[in-house]
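An overview of the molecular structure
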Amino acid sequence: MSLLRDLGYTNVGHYPGGLMEWLELNLPTAPSSVRRADPAHQSPDESGRTGPQPAAAHPHVAPRTLRLAARTSFSSRFIDALAERSVGALFWLWLEIVLGCGLAYWLIAWIFPRFALIANGAPIATGLPGLLPALYFSAVTATSIGYGDIVPTGVARVLAVGEGIAGLILFGCVVSKFVSRRQEELIGQIHRIAFEDRLGRVRTNLHLVRREVQATARLCEGQEVAPPEAVARVESAAMIFVGELHAVHDLLYRPQLAPDESVLEAILAGLASVFREFSELLKCVPAQRAEYPPALRSSLATMSRLAREICGDCVPREFTPALRTWMDQIQRIAGQLEQI
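Just so we're clear, the structure is a prediction, and the values are computed from it rather than from any experiment.

1. Some thoughts on the packing of aromatic side chains
Across all of its chains, the model carries seven aromatic pairs by this definition. A connected cluster of aromatic rings, assembled from ring pairs, spans Phe91, Trp92, Trp94 and Phe171.

2. Remarks on the state of the cysteines
What the rule picks out here adds up to one disulfide. Two residues share a disulfide in this structure: Cys311 and Cys314, whose sulfurs sit 1.8 Å from each other. One quick way to see it: the torsion about the S-S bond of Cys311 and Cys314 is about 90°, and its sign makes the bridge right-handed. In this structure Cys314 comes out as partly exposed when scored by relative accessible area, which is 33%.

3. Re the nonpolar core
In terms of nonpolar packing, the biggest core is built from 41 residues, with Leu271, Phe275, Phe278 and Met303 touching the most fellow members. Those elements that place two or more of their residues in this core are α6 (155-220), α7 (228-253), α8 (261-281), α9 (294-308) and α10 (321-338). When residues in this core are grouped by element, the largest group, ten residues, is from α7. When sequence neighbours within four positions are dropped, the list of residues in contact with Phe278 reads Val213, Val234, Ala237, Ala238, Leu300, Met303 and Leu337. Grouped together as the second largest cluster of nonpolar side chains are twelve residues, Trp106, Ala109, Ala134 and Ala160 included.

4. Quick notes on the pattern of salt bridges
For the coordinates displayed, the defined rule picks out nine salt bridges. Salt-bridge contacts for Asp197 lead to Arg201; the nearest nitrogen and oxygen are separated by 2.2 Å. Here Asp197 and its partner Arg201 are both found in helix α6, four residues apart, which amounts to about one turn of the helix. With relative accessibility at 42%, the residue Asp197 sits in the partly exposed group. Arg201 sits in the partly exposed class, given a relative accessible area of 38%. Residue Glu229 is joined to Arg233 by a salt bridge in which the shortest nitrogen-to-oxygen separation is 3.9 Å.

5. Observations regarding the sheet that holds strand β1 (residues 117-119)
Remark on secondary structure: sheet strands pair via backbone hydrogen bonds, oriented parallel or antiparallel. Read across the open sheet, the three strands follow the order β2-β1-β3; overall the sheet is antiparallel. Each edge of the open sheet is held by one strand with a lone partner, namely β2 (122-123) and β3 (150-152). Across three bridges, β1 lies against β3 in antiparallel orientation. Across the sheet, Leu117 pairs through a bridge with Pro152, a residue of β3. In this fold helix α5 (residues 131-142) packs onto β1 and β3, with an angle of close to 80° to the strand it touches most, β3.

6. Quick word on a nonpolar patch on the surface
On the surface, Leu107, Trp110, Ile111, Phe112, Phe115 and Val155 cluster together into a nonpolar patch covering about 600 Å² of accessible area. With three residues, helix α4 (residues 87-111) is the single largest residue contributor to the nonpolar patch. Locating Leu107 in the fold gives a position in helix α4.

7. Quick word on the packing of α5 against α6
Contact geometry for α5 and α6: axes closest at 8 Å, N-to-C directions at 50°. Classified by the angle between their axes, α5 and α6 sit oblique to one another. In contact with Phe137, Ser138, Ala139, Thr141 and Ala142 of α5, α6 contributes Ala160, Glu163, Gly164, Gly167 and Phe171. Of the residues in the contact of α5 with α6, the class split is five nonpolar, four polar and one charged.

What counts and what doesn't
- Residues numbered from 1 in each chain as written.
- Predicted model: local features only at pLDDT ≥ 70, side-chain atom pairs only at ≥ 80, totals over all residues.
- Heavy atoms only, no water.
- Phe/Tyr/Trp six-rings, centres within 6.5 Å; stacked < 30°, edge-to-face > 60°.
- Disulfide = S-S within 2.5 Å.
- Buried < 20%, exposed > 50% of the residue type's maximum accessible area, 1.4 Å probe, protein only.
- Core = buried A, V, L, I, M, F, W, Y, C linked by side-chain atoms within 4.5 Å.
- Helix = DSSP H or I, 4+ residues; strand = E, 2+ residues; numbered from the N terminus.
- Contact = heavy atoms within 4.5 Å.
- Salt bridge = Lys/Arg side-chain N within 4 Å of Asp/Glu carboxyl O.
- Pairing = 2+ DSSP bridges.
- Axes fitted to C-alpha atoms, helices over the stretch in contact; angles between N-to-C directions.
- Patch = residues over 30% accessible without salt bridge, like charges linked within 9 Å, V, L, I, M, F, W, Y side chains within 5 Å.
- Areas by Shrake-Rupley, 256 points an atom, 1.4 Å probe, with all protein chains shown as cover.
- Parallel < 35°, antiparallel > 145°, perpendicular 65-115°, else oblique.
- Nonpolar A, V, L, I, M, F, W, Y, C, P; charged D, E, K, R; others polar.

In structure tokens:
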């Protein structure tokens, strides 16, 4: 749900049964707001105009289905309300339950002495001396300890059962909080390791692409016409380079984790170096771009499009002047690549 809220949705809820259960219960669904229709098969509306007609009304939903959905919705809201509370908030809620139920036991001893708490074979006191035993019994019940020195009777038994259930639910929430916190830490560490490994692969692949481009350029030395092997290697290097360029583009526009500036600067420097080598290499392939192989033309178009979006003023984040300089240099070299 947090992802939907980050995307700007405000009316967000959690349905435990999932989409499949929702559809099986024949609950209402919203159709797509845009629907293509064949103008030849569009029927005029009441005003005589033709156009896409509104979706048909939802079929009647049985009252039993609505009641089931309402119960499910209530339980979902209850679970979400507890899940969104912090451990401290859950502790204060538990403390409020203990105090509230303790006061309730004490008031029951005043109003219904026969159905109050029994301590040592006699009801607890009805005045202020009875408040402390009532609070003690409430705390013991909420922690599910139950020493047995104070026993509820009558109405107090029902209240004690409810308090015990509430205490167990809250303790379960606290335990799940600690477990989920540990899981989030482990997932964060795994994601960080995978992220750093991805950065390392990008740097390594850029280095390999640069070496491949340099080796291909040596095949063209002294040749008026590029040999077929050189063209094939240029095509292969271009496709690999486009993949790494996509990774750098996503790194700048969708940074789930921000890399160190030194790492990012090394990646941008490698990117600019490969662009320079590539622009020199293209001079040995056919002069007219229309004569390029289709895969190479597609790779060059993708390279130009992505590189145009890598500049100091284009990316959504603020970077240091050194990084912005590398980005502008990449955009400038890519512009020269389009003119070759």
